[in-house]
Amino acid sequence: MIERLQELKQEALQEISESGNVKDLDHVRVKYLGKKGPITEVLRGMGKLSAEERPLVGQKANEVREEIQTNVEKKSTELEEKALEERLEKESVDITLPGREIKQGARHPLTAVVEEIEDIFIGLGFQVTEGPEVETDYYNFEALNLPPEHPARDMQDSFYITNDMLLRTQTSPVQARTMEKHQGKGPVKIVCPGKVYRRDDDDATHSHQFMQIEGLFVDKGVRMSDLKGVLEAFVKKYFGAEREIRLRPSFFPFTEPSVEVDVSCGICGGKGCRVCKQSGWIEVLGSGMVHPRVLEMSGFDPKVYSGFAFGMGVERFALLRYGIDDIRHFYTNDIRFLDQFKWV
Amino acid sequence: MLVSYQWLKDYVNMGDLTPEEVAEKLTRGGVEVDVIHPRSQGLANVTVGYIEECVQHPDADKLRICQVNTGEGETSQIICGAPNVAAGQRVAVARPGAVLPGGVKIKKTKLRGEHSEGMICSLQELGIEQKLVAKEFIEGIYVFPEDAVIGEDAIEQLGMHDTVLELDLTPNRADCLSMLGVAYEMAALLDQEVHHPGHTFMEAEEEASDRVSVQIDVPKDNPYYNARIIKNITIGPSPLWMQNRLTAAGIRPINNVVDITNYVLLEYGQPLHAFDLERLGSKEIVVRRAANGEKMTTLDNVERTLSDEYMVITNGKEPVALAGVMGGAFSEVQDDTTSILLEAAYFSPVRIRKASRALGLRSEASVRYEKGIDAERVEEASDRAVSLLAKYAGGKVLKGAVEQDYRSNERKTIITTPKRLNEILGTELAAEEMIAIFKRLGLEVKTEETSFIITIPSRRPDLMIEEDLAEEVARLYGYDRIPTTLPEGVTTPGSLSYSQVRRRKIRRYLEASGLDEAITYSLTSPEKASRFLLDDVPGTVAVSMPMSEERSTMRTSLVPHLLDVIQYNQHRQLNDAALFELGSVFIGEKGGLNKQPRETMMLSVVVTGNWETHLWQGEKKRVDFYVIKGIVEGLFNELKIPASDVHYRVSDHPELHPGRSADVLLNGRKVGFAGQVHPRIEKEWDIKETYVFQVNMDELLQLDVDDVSYKQLPRYPSVTRDIALVVDKTVSAAEVQEVIEKAGGKLLNHVTLFDVYEGDTVEAGKKSLAFSIVYLDPNRTLTDEEVTNVHDRVLTELEEKLQAALRK
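## Observations concerning the overall build of chain B
Now for step 1: When you go through chain B residue by residue, the secondary structure sums to 21 helices and 41 strands.
Now for step 2: At 41 Å, chain B has a C-alpha radius of gyration far larger than the 28 Å of a compact globule built from 808 residues.
Now for step 3: Referenced to the eigenvectors of the C-alpha coordinate spread, the extents of chain B come out at roughly 130 × 85 × 55 Å.
Now for step 4: Considering chain B as a whole, with its 808 residues, one finds that 53% of them fall into the buried category.
Now for step 5: Excluding contacts between residues fewer than 6 apart, the proportion of contacts in chain B whose partners are at least 24 apart in sequence is 70%.
Now for step 6: Here chain B has roughly 36800 Å² of accessible surface; of this, 48% comes from carbon and sulfur atoms.
Now for step 7: The positive charge centre, built from 92 side chains, and the negative charge centre, built from 126, are 3 Å apart in chain B.

Structure follows, in structure tokens:
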């Protein structure tokens, strides 16, 4: 009987190793280890054996059973591994094919510039304030020290709607309106972004509609040196810490003294190039100390309060920042243009 | 203003500063030099030559063969095609090797078989703009006056070894509209003196006042009038040096009298006018306002209709000049003029500006009068012109000037303190430093205790208040030397307003949803201002003098502009586009504007073409109504406006597809529309299927919404039941959902529509809608029986209210 068991073991191991899949293997397991299997049958016939032989055969039978069991398990693991490998093989993809695109829209470059500038001034304690685009002559001109016959009105030929109303030529009227609301009490620290309109023929460098950001800082004892400090902080933050600023005397009816602010050219580092017209400097801001008449008209006592105002062209900043060559692109909205600003 | 560097040197010692350095000084001082023009542009090897002989070219009708003496005793043969070339002329000869401004290189050559060793030049060929070339030389070569020295450098003779600085003057610095004004500025910057030109001349015995009288009827408009009489003059060319300087300043030489008035205008900034005394037709000058409807012909031969807003110079009967703007035709100086009346006057800026603007006439004179000339320089300028006329027009100057003078001789003074000036600037300058600066500027300073009393010269009317003086101190001290400080007041928190924060959120949401932001013009055509309106518009806002019809009216909707953008892109084969714009529209009143128009912030979205494309996977999703609706829903969600506050109803907007458009209602009020552009309108715009959405943002931005607050996560399991219902096709999904929600009561957690089906397996006229319903009690686990109870109630309600049957 021991020989029989030995034979069965050999047969079983043979069949296990020949099983090609889990099903075959299970078949082999049931065939040898099942209740109707040959080992069970051998054990059943043990009653005919002598008392000496019985334990020996029993032991052998258990050994054989265990060995088959172990081999089945081992084979089963092997087969599962193999099946998994096959599955993974089958499931593999060409990872060089493009992924599913998640569409991302683009911020308009003018919005990008406005928001960046707003954020810098918010950091400096300014509030963002807005006002109407159709303004009264009073707020657009008179309250800014430009009475009806003032020669400086020439500088900005405007779109009038009625004798008393026009498309604002600057965002400064928001300053006058805000100062009025403060009723003579400072501080007033605002930046005013918005659209403005002037009678210009549209070409690569002119647009009848464009955007401005103007700022105002009114408080007791504000000095021209403060103007310089605040604008320098702004310019370095926006254009880069390595950039220098230069102030030049200028003229605006609503400021005195008036200042033109240049920033050192970022292309040539101030040595002179095509972009800065060989000067090493690029004009970026108009500024100045608020004219006492303007303070007075908006309800502030110029003996107590002083301040500075500044203004900049958003398109100009965008042209400089992104190297755009034609101002009309901003309003044409060619999607090949817009899509370039996804990353701003 | 064009400033010749060589000319400027007459009045102020600039040491060895180069033109570039002068430009830099002026710019840094506040008088901006916009462009630096080198006049000769490196032109060399051009000589004054004498044409000894000039004969017809044997083989060319239009060419002449000239034998030209160019000094050095040699004669060169030069072929010349100019019609005015002739023997005996002194001309500019470009010698072989010379390079003309246009890049033409002069070489020895042969023209139709004849040698030519150079070129006889026109002024244009030497780089002078045609509009500055004296009329007689426009069509041909330039001919020097007879005293030109043969063999000399022609460029030198033409005054072109010079640099012209083009000033970009701010309106307050009209004082720099003259050479002397610029000289004062330069002198202040360099701490130098200004030298005025001389003006000596002999006067005849005959009194000018015997010849003419002056009467001013409008002393406010014309505080000063000065007339001089010069007889026996000969009209001819002015001296070459004067012509050269006028050319440098951008003024064409005409004749000695006109050139002299122009020269002095440039020198002093004082406009002068010469009348032909004989043609004047009377012995008096009367200055008055024009009568309404009065007519006169100006010297450009245009008849002009005047109004009482303008001032005229008359001969007592009729206008002979439009004061300060332009002379009249019949009293103009002509070639046969022998006596002139020279006018030097001070006219008020306002009066001149009115006439100049209304008539669209701008002259060198009007530009200066409008901005204000130096009231105290009038006589000196007149004397200067008279001295030049005596010298270069051979005139006899009658004795004395005939004047009327209503000028105030009071000088303006400004009182300030060094402390105040330092406070404005943030500097710590000593009083002495400031006094030194004022002296450089030619301002008289008196000190009284701690105050400055500063007298302002009449040439600087722009200096009016302390702050003006602060600027003068700052610019001469140097803006760069002002310290850099930060304000010392209380600190304030910077911020965006609630509306601004919400607008930024919307922009981020739309960008992340794949939409590009567009910005379009606010001005549009009246026609477009009537399209795609959200509400009725009582009136539009129109510009009174538009530049074009296309930009004449403020927009009332953003949609037409975005459709233009779609059109632009589709015409460039850019067929997939998704864009939004956030901007104002402008709503007027019925029958014209009495107050500022209503400006409403609108958001508009346009989408067209494919919404999603996954090419190699063969998937394309075209834009449809549900894409645009999804964007709308997302917008409300982004603004935290509950979906239950928002409703959609079929829109009857005539420009939208009647079956694919909706009005958007917020709490029952219409705030927007969304849908496909009506196919007829798509055709009109020449665009493919396009969906639009426009919403009034003012309604949305100001809404108060609840802050985010955390809700307990459910601790008990929910139960989900899916149902498929068959309903009439006309029943909307929203109606079904509403019934489910109502019937589900408190235990209903949420409902999701997951399938819509019409077709073979559903009866005609019906459709199948499948919902997933989730039941939940936050406080305990629901029993099967409880769920069944409520679910049965839902089914009963559906059947009763909508005749909805469960799909088998």
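Picking up after the structure, the text goes on.
## Overview of the domain arrangement of chain B
Now for step 1: One can read the domain layout of chain B as domain 1 (2–38 + 165–190), domain 2 (46–157), domain 3 (203–405), domain 4 (413–481), domain 5 (498–701) and domain 6 (719–806).
Now for step 2: Here the C-alpha centre of domain 4 of chain B lies 57 Å away from the C-alpha centre of domain 2 of chain B.

## Overview of the interface of chain B and chain A
Now for step 1: On the chain A side, the residues contacting the 96 residues of chain B number 85 residues.
Now for step 2: Taken over both partners, the interface formed by chain B and chain A buries close to 7700 Å², and the fraction arising from carbon and sulfur atoms is 52%.
Now for step 3: Its salt-bridge partner being A:Glu130, residue B:Arg503 comes within 2.8 Å of it at the nearest N-O pair.
Now for step 4: Our count for the contact surface shared by chain B and chain A stands at 45 residue pairs in polar contact (both at pLDDT 80 or more).
Now for step 5: Along the lines of polarity and charge, the residues of the side of chain B that touches chain A split into 38 nonpolar, 26 polar and 32 charged.

## Some details on helix 16 (residues 559–570) of chain B
Residue and element names in this part refer to chain B.
Now for step 1: Taking 1.5 Å of rise per residue, the twelve residues of helix 16 would be expected to cover 16 Å, and the 16 Å separating its terminal C-alpha atoms lies within 8% of that figure.
Now for step 2: In terms of burial, helix 16 is a largely internal element, nine of the twelve residues being buried.
Now for step 3: Turning to helix 16, its buried residues are Val559, Pro560, His561, Leu562, Leu563, Val565, Ile566, Asn569 and Gln570.

## Details of the pattern of salt bridges
It is possible for side chains bearing opposite charge to pair when their charged atoms get close.
Now for step 1: According to the stated counting rule, one finds 81 salt bridges over all chains in the structure shown.
Now for step 2: Residue B:Arg508 pairs with B:Glu511 through a salt bridge whose shortest N-O separation is 3.2 Å. Of this pair, B:Arg508 and B:Glu511 both sit in helix 15 (residues 498–512), three residues apart, roughly one helical turn.
Now for step 3: Linked through salt bridges whose partners overlap, the residues forming this network are A:Arg246, A:Arg248, A:Asp262, A:Glu283, B:Glu24, B:Arg28, B:Glu32 and B:Asp480.

## Some details on the environment of B:Ile482
Now for step 1: Tracing the backbone through its elements, the reader meets B:Ile482 in the loop between helix 14 (466–477) and helix 15.
Now for step 2: Look past the residues within four positions of B:Ile482 in its chain and what remains in contact with it is A:Met224, A:Ser225, A:Lys228, B:Leu425, B:Thr427, B:Ala474 and B:Tyr477.

## Details of the environment of B:Val22
Residue and element names in this part refer to chain B.
Now for step 1: As for its position among the elements, valine 22 is in helix 2 (residues 19–29).
Now for step 2: Taking the C-alpha atoms as reference points, valine 22 and tyrosine 5, 17 residues apart in sequence, are found 8.5 Å from one another.
Now for step 3: Ignoring sequence-local partners within four residues, the contact set of valine 22 consists of Tyr5, Met14, Leu17, Leu165 and Met186.

## Quick word on the sheet that holds strand 6 (residues 209–220) of chain A
Now for step 1: Taken in spatial order, the seven strands of this open sheet run 1-5-6-10-9-8-7 (chain A), and their pairing is mixed. A strand with exactly one partner marks an edge of an open sheet, and here the two such strands are strand 1 (127–128) and strand 7 (245–252) of chain A.
Now for step 2: Pairing of strand 9 (residues 281–290) of chain A with strand 10 (residues 305–313) of chain A involves four bridges; the strand directions are antiparallel. Residue A:Gly286 lies in a different strand from strand 10 of chain A, and its bridge partner there is A:Gly311.
Now for step 3: Helix 14 of chain B rests against strand 7 and strand 8 (255–264) of chain A of the sheet, and its axis sits at about 35° to strand 8 of chain A.

## As for unusual backbone geometry
Residue and element names in this part refer to chain A.
Now for step 1: Omega for the peptide link from glycine 186 to proline 187 comes to -5°, which places this bond in the cis form.
Now for step 2: Mapped onto the fold, proline 187 is located in the loop between helix 7 (173–182) and strand 5 (188–197).
Now for step 3: A cis amide bond links glutamate 256 with the next residue in sequence, proline 257, at an omega value of -10°.
Now for step 4: The phi dihedral of asparagine 333 falls on the positive side, at around 60°, and the residue is not glycine.
Now for step 5: Examined against the element boundaries, asparagine 333 turns out to sit in the loop between helix 11 (329–332) and helix 12 (335–338).
Now for step 6: For asparagine 333, a relative accessible area of 0% puts it in the buried group.

## A few points about helix 4 (residues 53–91) of chain A
All names here are of chain A.
Now for step 1: Taking 1.5 Å of rise per residue, 39 residues should cover 57 Å, and helix 4 covers 56 Å from first to last C-alpha, within 8% of that figure.
Now for step 2: All of the buried residues in helix 4 are Val57, Gly58, Lys60, Ala61, Val64, Ile68, Val72, Lys75, Ser76 and Leu79.
Now for step 3: Looking at the buried residues of helix 4, the elements they touch are helix 1 (2–18), helix 2 (22–33) and helix 3 (38–44).

## Some points on the environment of B:Gly316
Residue and element names in this part refer to chain B.
Now for step 1: Relative to the helices and strands, glycine 316 is located in the loop between strand 18 (311–314) and strand 19 (319–322).
Now for step 2: Sequence separation between glycine 316 and valine 287 is 29 residues; the distance between their C-alpha atoms is 8.4 Å.
Now for step 3: When near neighbours in sequence (up to four residues on either side) are disregarded, glycine 316 contacts Glu284 and Val286.

The rules behind these values
- Residues numbered from 1 in each chain as written.
- Chains lettered and ligands numbered in written order.
- Predicted model: local features only at pLDDT ≥ 70, side-chain atom pairs only at ≥ 80, totals over all residues.
- Heavy atoms only, no water.
- Helix = DSSP H or I, 4+ residues; strand = E, 2+ residues; numbered from the N terminus.
- Rg over C-alpha atoms; globule rule 2.2 N^0.38 Å.
- Buried < 20%, exposed > 50% of the residue type's maximum accessible area, 1.4 Å probe, protein only.
- Contact = heavy atoms within 4.5 Å.
- Areas by Shrake-Rupley, 256 points an atom, 1.4 Å probe, with all protein chains shown as cover.
- Lys, Arg positive; Asp, Glu negative; His and termini not counted.
- Charge placed at Lys NZ, Arg CZ, Asp CG, Glu CD.
- Domains from an automatic or database assignment.
- Buried area = accessible area lost by both parts, 1.4 Å probe.
- Salt bridge = Lys/Arg side-chain N within 4 Å of Asp/Glu carboxyl O.
- Polar contact = N/O pair within 3.5 Å; in protein donor to acceptor, adjacent residues only side chain to side chain.
- Nonpolar A, V, L, I, M, F, W, Y, C, P; charged D, E, K, R; others polar.
- Expected span 1.5 Å × (residues − 1).
- Pairing = 2+ DSSP bridges.
- Axes fitted to C-alpha atoms, helices over the stretch in contact; angles between N-to-C directions.

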